[in-house]
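What the coordinates show
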Amino acid sequence: MAGSSLAMTSGDDADRPLPQSRVASYTSPMDREFLSELFAGFGPVTIRRMFSGFGVSADGINFALVLRGAIYLRADENSIPRFEAEGSQCFQYEMKGKLRMIASYWRLPERLYDDPDEVTEWARVAHAAAIRASLAKAGKKRATKKATKAKVVKTVAKKKVAKKAAVKKVASKKVSKAARKRKSSS
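Each value, and the rule that gives it
- Residues numbered from 1 in each chain as written.
- Predicted model: local features only at pLDDT ≥ 70, side-chain atom pairs only at ≥ 80, totals over all residues.
- Heavy atoms only, no water.
- Helix = DSSP H or I, 4+ residues; strand = E, 2+ residues; numbered from the N terminus.
- Contact = heavy atoms within 4.5 Å.
- Core = buried A, V, L, I, M, F, W, Y, C linked by side-chain atoms within 4.5 Å.
- Buried < 20%, exposed > 50% of the residue type's maximum accessible area, 1.4 Å probe, protein only.
- pLDDT = per-residue confidence, 0-100.
- Phe/Tyr/Trp six-rings, centres within 6.5 Å; stacked < 30°, edge-to-face > 60°.
- Lys NZ or Arg CZ within 6 Å of the ring centre and 35° of its normal.
- Pairing = 2+ DSSP bridges.
- Salt bridge = Lys/Arg side-chain N within 4 Å of Asp/Glu carboxyl O.

Let us look at the overall build of the protein. Helix and strand counts for the protein stand at three helices and six strands. Sequence-ordered secondary structure for the protein, helices as α and strands as β, is α-β-β-β-β-α-β-β-α. In the protein, the share of contacts with a sequence separation of at least 24, taken over all contacts with a separation of at least 6, comes to 47%.

Here we take up the nonpolar core. Ranked by size, the top nonpolar core spans 35 residues in total, and within it Leu35, Phe39, Phe63, Ile71, Leu73, Leu108 and Tyr113 carry the most contacts. Those elements that provide at least two residues to this core are helix 1 (32–38), strand 2 (53–58), strand 3 (61–67), strand 4 (70–74), helix 2 (80–85), strand 5 (90–95), strand 6 (98–107) and helix 3 (116–185).

As a further point, take the confidence of the model for the protein. Low pLDDT marks regions whose predicted coordinates should not be analysed in detail. For the protein, per-residue confidence averages 78 on the pLDDT scale, and residues scoring 70 or more make up 73% of the total. Within the protein, no element has a lower average pLDDT than helix 3, which sits at 76, and none a higher one than helix 2, at 96. Low confidence marks residues 1–27, where pLDDT is under 50. Its contacts with residues over four positions away, or in another chain, come to 55 contacts.

Along the chain, the position of Thr46 falls in strand 1 (residues 46–50). Considering only alpha carbons, one finds Thr46 and Ser36, 10 residues apart in sequence, at a separation of 8.6 Å. Setting aside residues no more than four positions away along its own chain, Thr46 makes contact with Gly55, Val56 and Ser57.

Tallying each qualifying case throughout the model produces six aromatic pairs. Between Phe39 and Phe63, the aromatic rings sit 5.6 Å apart at their centres with planes inclined by 85°, giving edge-to-face as the arrangement. Taken as a pair, Phe39 in the loop between helix 1 and strand 1 and Phe63 in strand 3 lie far apart in primary sequence, 24 residues in all. Accessibility assignment for this pair places Phe39 and Phe63 in one class, buried. Between Phe91 and Tyr93, the ring centres sit 6.0 Å apart and the planes meet at 35°, which makes this aromatic pair tilted. We classify Phe91 as buried; its relative accessible area is 10%. The class of Tyr93 is partly exposed, set by a relative accessible area of 26%. One aromatic cluster is present, formed by Phe39, Phe42 and Phe63 through successive ring pairs. Between the NZ or CZ atom of Arg49 and the centre of the ring of Phe54, over which it lies, the distance is 5.2 Å.

Before going further, it helps to examine the side chain of Thr120. Assignment of secondary structure puts Thr120 in helix 3. Accessibility expressed as a relative area gives 7% for Thr120, which makes it buried. Residues in contact with Thr120, not counting those within four places in the same chain, are Gly41 and Phe42.

Pairing of strand 4 with strand 6, which is carried by three bridges, proceeds in the antiparallel orientation. Along strand 6, the bridge assignment pairs Arg74 with Tyr105. Summarising the sheet, strand 5 and strand 6 pair through six bridges and their orientation is antiparallel. Among the inter-strand pairings, Cys90 is bridged to a residue of strand 6, identified as Trp106.

Turning to the pattern of salt bridges, a few remarks are in order. Where charged atoms from two side chains of opposite charge approach closely, those side chains can pair. Counting across every chain of the model gives five salt bridges. Two residues, Arg132 and Asp76, come together in a salt bridge whose shortest N-O distance is 2.7 Å. On the criterion of sequence distance, the pair formed by Arg132 in helix 3 and Asp76 in the loop between strand 4 and helix 2 is long-range, its members being 56 residues apart. Residue class for Arg132 comes out partly exposed when judged on its relative accessible area of 34%. A cluster of three or more residues bridged by salt bridges with shared partners is formed by Glu86, Arg111 and Glu118.

Pasting the structure below:
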């Protein structure tokens, strides 16, 4: 397969090869069947078209990306040292002349493509990192929602106080006007 493009099969894209510039050094085609076999030891996974590749998820949580002929696993502060020890790099792309790095996804070391048992272990670690990230995001969302609700409650309370003050002011003006009226009529 040297010199040819990798084909990523999925529906209408089955026969469309990846551009030569995106061919990875790994020589097996990254199609759904290959990915299903690779992650079989991990358990059932869902493989969906995503960007120019695939997203791999389990239990509704995305833990791997397949882009540019490589597999990138979700990582966090607990697992990044493991990727670094293997000489792996985080996902990178260029946009508007600048190199962008996505530190939450790291390239699966190529030596693991032929070792499904070890891929299973790495997938479990990636899935755990994805779960932690999901929980942290949900916690932030809840905190933001709670803070927003508190702000709304505070605003409503301020408006009520302001309205009471306005009602008192109007009532006091009416009392003052009535008192002046009585004074002038006496």
